[in-house]
Structures are given as C-alpha cells and as structure tokens.
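Geometric and topological summary
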Amino acid sequence: MIYDYEVTTGKGDTLSLSEFKGKVILIVNTATGCGFTPQYAPIEQLYKDYHDKGLEILDIPCNQFGGQAPGTDDEIHEFCSLHYNTTFPQMKKSDVNGENELPLYTYLKSEKGFEGFEEHEFKTLLEGMFAKEDPDWAKKPDIKWNFTKFVIDRNGNVVARFEPTADVGKVEECIKSLL
C-alpha cells in the first residue's frame, strides 16, 4: 500500500505518505533541464486548482535521464520557484530506477508498468533512443524519462500512470474524476 512508504523532503525531513490518507496524490519525477520541464507550469496549475479539494503533489527530482537535474536540492527548488512559481512540495533528488531507486518507485512500477508513449513531438526520438540501448525496453516497467506521473486515489490505490508524452489535460481529467 502506498501509505507504507516514506520519502525525504528537499530539506531532509522524512515524509510518510500515510500523511496523505484520504487525498488524491500526483507523484512525478522531474528535471530542470529537460524538454518536458515546461510541464512544471501546468502541474503547478493543478496544485493551485485542486489542492484545496484534496490533491497533493510529490515532486521527486531525478538526474537519471540525460543528467537533466544536475543541481543540489536547494538549486532545483530555487529554479522551480523562480521560473515556474512552484508551490507544491519538492522532495530530495532521488533515483527512480536501478539498485538505488526509491522503494516507493519499486512499488509504483509494480502497480502500473509502461504501456507506451502517446503521440508527441518527442515520441519517435525517445523510442529510437531506447531501442538502441535495449530491444526489450518497451516490455519493462522502468521509468523511461523525466515527468512520468502516477496518480493515487483517496484510498491509496495507484490508478494511473502517465508518460511524459501524455497531455497534462488527461492527467487533470483523471485527478478530477477522483476528487
């Protein structure tokens, strides 16, 4: 269950996901230097529009994809605040794949695996890049890139996974249906 997991905040405090019981949670791995970085703006809008209705957002910066989140936790927070006026909680930069991945991500991927990219200007580029590295890449549940999103319902169930190529409007529709 999602409430069994903890994450570390950008300030170094432990945050138990059990604090979010009864809330809808959006968990997203982010990066400050990515082609998808502008998604911070609509994600912040989701937070502004739905936080008072029960939405929580966990932003987990990750530097595993093209080294696109190179700064310290403080530098990442400053960048997001300055460029996107983010107000949602930012966690400690963490791995989402591999031997050092957050246990939370092991759980999330076991609940919702990769189901393919949606049509997007970066779809062909991403697919080609992954196919060169691993012919079986699409069959693996790993996080493929920055801004992969998981939506958790009010009962702690992982109900949806959205790849970075998904329109944030679809994420919003999912969240609205759960609030």
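Rules used in this analysis
Residues numbered from 1 in each chain as written. Predicted model: local features only at pLDDT ≥ 70, side-chain atom pairs only at ≥ 80, totals over all residues. Heavy atoms only, no water. Helix = DSSP H or I, 4+ residues; strand = E, 2+ residues; numbered from the N terminus. Rg over C-alpha atoms; globule rule 2.2 N^0.38 Å. Buried < 20%, exposed > 50% of the residue type's maximum accessible area, 1.4 Å probe, protein only. Contact = heavy atoms within 4.5 Å. Areas by Shrake-Rupley, 256 points an atom, 1.4 Å probe, with all protein chains shown as cover. Lys, Arg positive; Asp, Glu negative; His and termini not counted. Charge placed at Lys NZ, Arg CZ, Asp CG, Glu CD. Arc of directions from axis to C-beta. Pairing = 2+ DSSP bridges. Axes fitted to C-alpha atoms, helices over the stretch in contact; angles between N-to-C directions.

Observations concerning the overall build of the chain
In terms of helices and strands, the chain carries 5 helices and 6 strands. Along the chain direction, N to C, the helices and strands of the chain fall in the order β-β-β-α-β-α-α-α-β-β-α. Taking 16 Å as the expected radius of gyration for a compact globule of 179 residues, we find that the chain reaches 15 Å, a close match to that expectation. Dimensions of the chain, computed from C-alpha atoms along their principal axes, come out at roughly 45 × 35 × 30 Å. Burial statistics for the chain: of 179 residues in total, 49% are counted as buried. Contacts spanning at least 24 positions in sequence make up 69% of the contacts within the chain whose residues lie at least 6 apart. As displayed, the chain offers around 8,600 Å² of accessible surface, 47% of which is attributable to carbon and sulfur atoms. Considering the chain, the positive charge centre built from 19 side chains and the negative charge centre built from 31 side chains are found 3 Å apart.

Observations regarding helix α4 (residues 123-133)
Within α4, burial applies to Lys-123, Leu-126 and Phe-130. Across the axial projection of α4, the buried residues extend over an arc of 75 degrees, all falling on one side. Among the exposed residues of α4, those pointing more than 90 degrees away from its buried face are Thr-124, Leu-125 and Lys-132.

Some thoughts on the sheet that holds strand β4 (residues 55-61)
Pairing is mixed across the open sheet formed by 4 strands, whose spatial order is β4-β3-β5-β6. The sheet terminates laterally at β4 and β6 (158-162), the two strands that pair on one side only. Across the sheet, the mean angle from the axis of one strand to that of its neighbour is 15 degrees, orientation sign disregarded. As judged from the 7 bridges shared by strand β3 (residues 24-30) and β4, these two strands associate in the parallel manner. Bridge pairing in β4 links Thr-30 to Pro-61.

Purely geometric stuff here, so don't read any function into it on its own.
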